[in-house]
Amino acid sequence: SGDRISVDLPEPHDPTDVIPEAIPLDIRYEDDYLIVLSKQRGLVCHPAHGHESGTLANALVYHCGIDHLGTVQGEDRPGIVHRLDKDTSGLLVVAKTLNAQTHLVRQLQARTVKREYRAIVWGQLWRNGTVDQPIGRDPRSRTKMAINRMGKPAVTRYEVLERFSVQTYLRCNLETGRTHQIRVHMQFLKA
């Protein structure tokens, strides 16, 4: 009795709003239309459940301003043309205009852009090959991706570059761009 309770509520914001954050970017090339940057391991590309801030999208809005990034992929993915998994590092292309983003997305959809990845996988692979297996949510663990007959088509071509005692160094070319595609397809080869 007699206690006073006060609550400070944060200002409500639209969940699609991407708040600018001063996160360092490793920019390799930039002009009026696009940015090529090296995404570090551990950085999430765009806000999602459990990662509302601290993303590449937050850094891009800080660097360019929301009005200077394409929004073809949605307001919560400003400038993002394609993405890399959180724990994957590599070069990403970011569109600074709606027109540039539209053209880059169309090129990815038409598969006229070549995407090459290098990966070290556990186990010995002895020859080059192709994995053509659909990927979707793992029916036993909905937060994971897996080979799933009801999933979307996924094709990974791989070339053995070097073999180590218990790992293989590969060049992977994706014909599709599914979440965790290389990881899922390489796990499939081990099965």
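Preceding this paragraph is the structure being described.
Bear in mind that the values here come from a model prediction, so they are computed numbers and not experimental data.

### Things to note about the overall build of the protein
- Counting secondary structure elements, the protein contains three helices and nine strands.
- If you list the helices and strands of the protein from N to C, you get β-β-α-β-α-β-β-β-β-β-β-α.
- Projected onto the principal axes, the alpha-carbon positions of the protein cover approximately 70 × 55 × 35 Å.
- Considering the protein as a whole, with its 191 residues, one finds that 37% of them fall into the buried category.
- Residue pairs in contact within the protein that sit at least 24 positions apart in sequence constitute 62% of those at least 6 positions apart.
- With an accessible surface of roughly 12400 Å², the protein has 50% of that area assigned to carbon and sulfur atoms.

### Let's talk about the sheet that holds strand E2 (residues 34-39)
- Across the sheet, three strands lie side by side as E1-E2-E3; this open sheet has antiparallel pairing. Of all strands in the sheet, those bounded by a partner on one side alone are strand E1 (26-30) and strand E3 (90-95). Direction aside, the axes of adjacent strands within the sheet are offset by 25° on average.
- Sheet topology places E2 next to E3; six bridges connect them, and they run antiparallel. Bridge pairing in E3 links Ile-35 to Val-94.
- Contacts between helix H1 (residues 56-64) and the sheet are confined to E1, E2 and E3, with E2 contributing the most and set at about 135° to the helix.

### Quick notes on the environment of Thr-130
- With respect to the element layout, Thr-130 can be found in strand E5 (residues 129-132).
- Spatially, the C-alpha atoms of Thr-130 and Val-155 are 7.0 Å apart, while their sequence positions differ by 25 residues.
- With near-sequence residues (within four places) excluded, Thr-130 lies in contact with Val-155, Thr-156, Arg-157 and Tyr-158.
- Within polar-contact distance, the side chain of Thr-130 engages the side chain of Arg-157 at 2.8 Å.

### Some points on the nonpolar core
- Ranked by internal contacts, the top residues of the largest apolar core, which has 27 residues, are Leu-60 and Leu-170.
- Of all the elements in the fold, those that place two or more residues in this core are E2, H1, E3, strand E4 (116-122), strand E8 (155-163), strand E9 (167-174) and helix H3 (181-190).
- Element by element, the count of residues in this core is highest for H1, at five residues.
- For Leu-60, the residues in contact, after removing those within four places along its chain, are Leu-25, Ile-35, Leu-37, Gly-65, Leu-69, Pro-78, Ile-80 and Val-94.

### Observations concerning the pattern of salt bridges
- With the rule as written, the count across this model stands at ten salt bridges.
- The residue Glu-116 makes a salt bridge to Arg-171 at a minimum N-O spacing of 3.4 Å. Residue Glu-116 is found in strand E4, and its partner Arg-171 is found in strand E9; the two are separated by 55 residues along the sequence.
- Accessibility expressed as a relative area gives 36% for Glu-116, which makes it partly exposed.
- Residue Arg-140 is joined to Asp-138 by a salt bridge in which the shortest nitrogen-to-oxygen separation is 3.7 Å.
- Here the salt bridges do not stand alone but share partners, grouping Lys-114, Glu-116, Arg-118, Glu-159 and Arg-171 into one network.

### A few points about the side chain of His-185
- One can find His-185 in helix H3.
- Residue classification places His-185 among the buried residues on the basis of a relative accessible area of 0%.

### Digging into the state of the cysteines
- One pass over the full model with this rule turns up zero disulfides.
- Among the cysteines around Cys-45, which has no disulfide bond, Cys-64 carries the closest sulfur, lying 15 Å off.
- We classify Cys-45 as buried; its relative accessible area is 3%.

### Examining H3
- Along H3, the residues that are buried comprise Gln-181, Ile-182, Val-184, His-185 and Met-186.
- Turning to H3, the residues buried within the fold contact E4, E5, strand E6 (135-138), strand E7 (141-147), E8 and E9.

Thresholds, definitions, all that
Residues numbered from 1 in each chain as written. Predicted model: local features only at pLDDT ≥ 70, side-chain atom pairs only at ≥ 80, totals over all residues. Heavy atoms only, no water. Helix = DSSP H or I, 4+ residues; strand = E, 2+ residues; numbered from the N terminus. Buried < 20%, exposed > 50% of the residue type's maximum accessible area, 1.4 Å probe, protein only. Contact = heavy atoms within 4.5 Å. Areas by Shrake-Rupley, 256 points an atom, 1.4 Å probe, with all protein chains shown as cover. Pairing = 2+ DSSP bridges. Axes fitted to C-alpha atoms, helices over the stretch in contact; angles between N-to-C directions. Polar contact = N/O pair within 3.5 Å; in protein donor to acceptor, adjacent residues only side chain to side chain. Core = buried A, V, L, I, M, F, W, Y, C linked by side-chain atoms within 4.5 Å. Salt bridge = Lys/Arg side-chain N within 4 Å of Asp/Glu carboxyl O. Disulfide = S-S within 2.5 Å.

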